[in-house]
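# Understanding the architecture of this molecule
What follows is each chain in one-letter form.
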Amino acid sequence: MDRREALKRVGFLMGGTVSLSVASGILSGCQAPAAGGYTYQTLSATQGELVATISELIIPETDTPGARAARVHEFADLMLTEWFDVADRDHFLAGLGEIDSVAQSINGATFVDNTEEQQVAILTEMEDAALSDASGDQTPFFSMIKQLTLLGYYTSEIGASQELKYVHTAGEYRGDVPYEEIGRAYS
Amino acid sequence: MTRKNVHISQETEGYDAIVVGSGISGGWAAKELTEKGLKTLLLERGRPVEHSTDYITEHKAPWELNMRGRYNRANAEANYAVQKRTGQFRAEAEHWFINDKENPYIEDKPFTWIRGNHVGGRSLMWGRHCYRWSDIDFEANLKDGNGVDWPIRYADIAPWYDYVEKFAGISGEKLGLPQLPDGQFQPGMPLNVVEKHLREQIIKNFPERILTIGRVAILTEALPGRAACHYCGPCIRGCSTGSYFSSQSSTLPAAVATGNLTLRPYSIVQQVIYDETRDKATGVRIVDSETNEVLEFKAKVVFLCASALGSTQILLNSKSNRFADGLANSSGELGHNLMDHHFKVGANAMVDGFDDRYYYGNRPTGFYVPRFRNINSETRRQDYVRGYGYQGSARRENWGRGNDMRGFGAELKQQLREPGDWRIGMTAFGECLPRHGNYVRLDDAVTDKWGMPALRINAAWGANEFAMRRDMAQSAAEMLDAAGYRDVSTYDSYTEGGLGAEVGLGIHEMGTARMGRDPKTSVLNEWNQAHDVPNLYVTDGACMTSSGCQNPSITYMALTARAVDHAVSEMKKGNIS
């Protein structure tokens, strides 16, 4: 929702008695994230660009911005740093190395320098391999980066509120609403 | 900390009453005592929390939370190894959970002890479901011979349910069921279209069962100083509009308004002081967790509301010549008969149809299926005694289903723009029998950083619970099948000797200082008053003689208000001074 709509809604919901902290909490959700300034903690800049490239292939820009605009690569770096355990982190980083060496050996250039067509072909093959991987020891790299991308994208401001429908403070609960009235899936 | 480095300062001015713990029970004790004119000291072991201003994650969007709400793994593993076993432990609420490293306990068998450590306690973290008990619950021990008889019946507590429900604000639907008495309800929140469908199917196929909206301490109509719910969703972050009942939103403001309350955070009560010459409790001994000072506070009456195991730990650590095994423990039952609700068992299904239906708003509760087993002779089970209820909800799948879908790119993005199929699930909360062999005791070899001996906890489910669990899964699946849903599957998260559905995870720990008629077999009498020490009351989950299957907090509220009324009347009569 835009700022004006949010303000209107606050007034409507709370009858004007809303505390400042509630109002700022609701409104802060309407501001754009601070641009730039992210420093990678686990990924190198090159790896970060590789993650951004793959994530944009998974959730590309269409009539709404894609994963790169939602800065999924920064989210992935944070998750690798603070959430992943060591084994998963190593596995993920090895996967990044592998996708580059596959790109090199097939197409003679790193993945980010491949054409989009070449990149899609490699990812498709990786997905097929991931889906047929029955070892169960370790989540395949493709599944990892797809999960990170979906999570990072759909919980970002762009993914949650531009691509999908984000309802912050509904003010009511209705249990039976025609879908066309909402028009999009909730984030 | 070594004891010799501290000095014991004596507070010369005494209070009328001391309340230990500021959670749901302690908040009620403080409100009732102060409103009856008693100068009351409320001691809280944790930090202060101001209503509204200290709800630091409230109303943040997912993208405003670090890692969208995931916790830092290294920090969680180092400091919250137990707390992170509950799904409630998330970054948005991490600041409510106790630091496990600083507050150790020993698990003889898996026992997950989830604790708050702040003013308001778990009243800021609870699930907010409120269900009255009935005489089916109060008479159960007597009828089937497990545990000891409750010293009260429904008629004793019913007016106190009325009293606390009106103030706390409970929304829900009246059903006229003998096993789940109606109360003072605000209008219930709506069921969604699929939940309504399941309700109709259950009524049609199982006449003895009903599905209703959860009865919760969340307002659908404003109360003084508190607004109706605005359906933002994550209650555990705190609610600055006071729409759900917490000590902060409800009982503490009332206590403060009397001018009779002194609230002291950072006060870890280690002992109740017992005077053998006068045969009564004279106050409590605390450690100030900020200064490490040991302090004593005096009062005419002491209310322990430090949570079931917290209150029992204090009593076990209050030793004297007369009570060498813990204060008020002449029965030897102190620490025993530990109970919790066993859950994490039930069924899920996918629901076809309703593709053109959706919902609006983040409803902070789900549906409830009240107990339908062992209510009367028609519902009697051969394989187990007591019963269980279900909590559940239906919703449409969201973008998360994309992880299980093949493909990527614009097509996947377009597909995830639409909501997925409807999914419905329910999990059971079952009654746990009181057993002497489920117990806690002090372990002098392990202490916290303030020198308090840690609890050693030894509790496990028994044959009755396991037999009940099989029925809990099957009956859930049976209802979903009968409703015509697809891909019905049962689950049971229990693992033998491991985690998943271990005792404690229900966060409804009860017992260890039970009420009873006989001082030889129980710790507390029918007024939550220690048989052995008349000016000592315990009104939190420790007092429970059986566990029921209903979420217990509303019963603690009612028992606490009732106990305060008794204590003050005894003081007026001169029986407590």
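Residues numbered from 1 in each chain as written. Chains lettered and ligands numbered in written order. Predicted model: local features only at pLDDT ≥ 70, side-chain atom pairs only at ≥ 80, totals over all residues. Heavy atoms only, no water.

Scanning chain B for helices and strands turns up 11 helices and 20 strands. Against the globule reference of 25 Å for 577 residues, chain B gives a C-alpha radius of gyration of 24 Å, in line with a compact fold. Reported as C-alpha extents along the three principal axes, the dimensions of chain B are approximately 75 × 55 × 45 Å. Here the analysis covers contacts within chain B between residues at least 6 apart in sequence; of these, 73% occur between residues at least 24 apart. Accessible surface, chain B as shown: approximately 20100 Å² in total, 47% of it carbon and sulfur. Distance between charge centroids for chain B: 2 Å, based on 67 positive and 70 negative side chains. (Helix = DSSP H or I, 4+ residues; strand = E, 2+ residues; numbered from the N terminus. Rg over C-alpha atoms; globule rule 2.2 N^0.38 Å. Contact = heavy atoms within 4.5 Å. Areas by Shrake-Rupley, 256 points an atom, 1.4 Å probe, with all protein chains shown as cover. Lys, Arg positive; Asp, Glu negative; His and termini not counted. Charge placed at Lys NZ, Arg CZ, Asp CG, Glu CD.)

This next bit is on the packing of helix α5 (residues 86-107) of chain A against helix α6 (residues 116-132) of chain A. Residue and element names in this part refer to chain A. Packing of α5 against α6 brings their axes to within 11 Å, and their N-to-C directions diverge by 125 degrees. What the angle tells us is that α5 and α6 run oblique. The element α5 and its partner α6 pack so that their crossing is right-handed. When α5 is examined against α6, the residues I99, V102, A103 and N107 are found in contact with a partner set consisting of Q118, I122, L123 and M126. Across the contact of α5 with α6, the residue classes break down as six nonpolar, two polar and no charged. (Axes fitted to C-alpha atoms, helices over the stretch in contact; angles between N-to-C directions. Parallel < 35°, antiparallel > 145°, perpendicular 65-115°, else oblique. Left-handed = near helix turned anticlockwise from the far one by under 90°. Nonpolar A, V, L, I, M, F, W, Y, C, P; charged D, E, K, R; others polar.)

Another aspect to go through is the pairing of strand β11 (residues 294-304) of chain B. Along any regular strand the residues' side chains alternate between the sheet's two faces. Residues and elements named next belong to chain B. Counted residue by residue, β11 has nine buried out of 11 residues, so it is predominantly covered. Pairing of strand β2 (residues 15-20) with β11, which is carried by five bridges, proceeds in the parallel orientation. Bridged to V19 within β11 is F303. Of the strand pairs in this sheet, strand β10 (residues 280-288) and β11 are connected by five bridges, and their pairing is antiparallel. Across the sheet, the residue bridging to G283 is K298, located in β11. Hairpin geometry of β10 and β11 is characterised by an intervening segment of five residues between the two adjacent antiparallel strands and by a positive phi of about 65 degrees at N292. The pairing of β11 with strand β20 (residues 536-538) spans three bridges and is classified as parallel. (Buried < 20%, exposed > 50% of the residue type's maximum accessible area, 1.4 Å probe, protein only. Pairing = 2+ DSSP bridges.)

Many descriptions give the size of an interface as the accessible area lost when the pieces come together. The interface of chain B with chain A comprises 49 residues on the first partner and 64 residues on the second. Carbon and sulfur atoms make up 58% of the area that chain B and chain A hide from each other, which totals about 5300 Å². In this assembly, chain B and chain A are joined by four salt bridges. Of the charged contacts in the structure, one is a salt bridge between E163(A) and R417(B), with a shortest N-O distance of 2.8 Å. Counting across the chain B and chain A interface gives 32 residue pairs in polar contact (both at pLDDT 80 or more). Looking at the side of chain B that touches chain A residue by residue, the class counts come to 21 nonpolar, 14 polar and 14 charged. Here strand β1 (residues 174-178) of chain A runs beside strand β13 (residues 357-360) of chain B; their pairing, made up of three bridges, is antiparallel. (Buried area = accessible area lost by both parts, 1.4 Å probe. Salt bridge = Lys/Arg side-chain N within 4 Å of Asp/Glu carboxyl O. Polar contact = N/O pair within 3.5 Å; in protein donor to acceptor, adjacent residues only side chain to side chain.)

Turning our attention to the pattern of salt bridges. Residues and elements named next belong to chain B. Scanning the entire structure with this criterion turns up 52 salt bridges over all chains. Where E333 meets R514, a salt bridge forms, and the shortest distance between an N and an O atom there is 3.7 Å. Of this pair, E333 sits in the loop between α8 (308-316) and β12 (345-351) while R514 sits in the loop between β19 (486-492) and β20, placing them 181 residues apart in sequence. Taken individually, E333 and R514 each receive the classification buried, so the pair is uniform in this respect. In this structure, R486 and D487 form a salt bridge, with 3.1 Å as the shortest nitrogen-oxygen distance. Ionic contacts of the salt-bridge type, sharing partners, join the residues D137, D144, R371, R386 and E431 into one network.

Residues and elements named next belong to chain B. The predicted model of chain B has a mean per-residue pLDDT of 96, with 98% of residues at 70 or higher. Taken element by element, chain B is modelled with least confidence in strand β1 (residues 8-10), mean pLDDT 52, and with most confidence in β20, mean pLDDT 99. Long-range and interchain partners of residues 1-6, a stretch whose pLDDT sits below 50, account for seven contacts in this model, where long-range means more than four residues apart. Listed scores for the predicted complex are pTM 0.93 and ipTM 0.93. (pLDDT = per-residue confidence, 0-100.)

Attention now moves to the environment of I218(B). Residue and element names in this part refer to chain B. Mapping I218 onto the fold places it in the loop between β7 (212-213) and α7 (247-257). I218 sits in the buried class, given a relative accessible area of 1%. Along the sequence, I218 and E478 sit 260 residues apart, while their C-alpha atoms lie 31 Å from each other. Excluding anything up to four places from it in sequence, I218 contacts R128, G169, S171, M189, C229, C235, S243, Y244 and P364.

Turning to helix α10 (residues 463-482) of chain B, a few remarks are in order. Three- or four-residue spacings in an α-helix give side chains the same orientation, since the helix completes a turn every 3.6 residues. The first and last C-alpha atoms of α10(B) sit 29 Å apart over 20 residues, in line with the 28 Å expected at 1.5 Å per residue. One or two positions beyond α10(B), positive phi appears at G484(B), with a value near 85 degrees. (Expected span 1.5 Å × (residues − 1).)

What follows concerns empty space enclosed by the protein. All names here are of chain B. Enumeration over the complete set of coordinates arrives at one cavity of 30 Å³ or more. Looking at the largest cavity, its volume works out to about 120 Å³. Looking at the largest cavity, it is lined by 14 residues, and the ones nearest its centre are C229, H230, C232, C235 and C239. The residue makeup of the lining of the largest cavity, split by class, is nine nonpolar, four polar and one charged. (1 Å grid on protein atoms, 1.4 Å probe; cavity = no way out; pocket = protein on both sides within 12 Å on 5 of 7 lines; lining within 4 Å. Points joined across faces, edges and corners; volume = space filled by probe spheres on them.)

Let's shift gears to the sheet that holds strand β17 (residues 439-447) of chain B. Strand order in this open sheet of three strands is β4-β18-β17 (chain B), and the pairing throughout is mixed. In this open sheet, the two edge strands, each paired with only one partner strand, are β4 (106-107) and β17 of chain B.

Moving on, we come to the packing of aromatic side chains. This structure, assessed with the given rule, holds 36 aromatic pairs over all chains. A connected cluster of aromatic rings, assembled from ring pairs, spans W28(B), W126(B), W160(B), Y163(B), F167(B) and F245(B). Cation over ring: R396(B) sits above Y179(A), and NZ or CZ is 5.8 Å from the ring centre. (Phe/Tyr/Trp six-rings, centres within 6.5 Å; stacked < 30°, edge-to-face > 60°. Lys NZ or Arg CZ within 6 Å of the ring centre and 35° of its normal.)

This next bit is on the sheet that holds strand β14 (residues 367-369) of chain B. Residue and element names in this part refer to chain B. Across the sheet, six strands lie side by side as β7-β14-β15-β16-β12-β19; this open sheet has antiparallel pairing. At either margin of the open sheet sits one strand with a lone partner, and together these are β7 and β19. Bridging between β7 and β14 involves two bridges; their strand directions are antiparallel. The residue bridging I213 from the neighbouring strand is F367, located in β14. With respect to the sheet, helix α6 (residues 193-205) is in contact with β7, β12, β14, β15 (388-396) and β16 (422-430), its orientation differing from that of β16 by roughly 60 degrees. Contacting β12, β15, β16 and β19, α10 runs over the sheet at an angle of about 15 degrees to β12.

Before going further, it helps to examine the nonpolar core. With 182 residues, the main nonpolar core has I54(A), F92(A), L198(B), V284(B), I424(B) and L536(B) as its most contacted residues. Residue contacts for L536(B): discarding those within four places in its chain leaves V272(B), V302(B), L304(B), L315(B), L327(B), A328(B), N528(B), Q529(B) and A530(B). In this structure, V19(B), A29(B), L38(B) and L252(B) belong to the second largest nonpolar core, which totals 21 residues. (Core = buried A, V, L, I, M, F, W, Y, C linked by side-chain atoms within 4.5 Å.)

Moving on, we come to the state of the cysteines. All names here are of chain B. Under the defined criterion, the tally for this structure stands at zero disulfides over all chains. C229 takes part in no disulfide bond, and the closest cysteine sulfur to it belongs to C235, at a distance of 6.3 Å. Cysteine C305 remains unbridged, with the sulfur of C543 as its closest cysteine sulfur at 9.6 Å. With relative accessibility at 6%, the residue C305 sits in the buried group. (Disulfide = S-S within 2.5 Å.)

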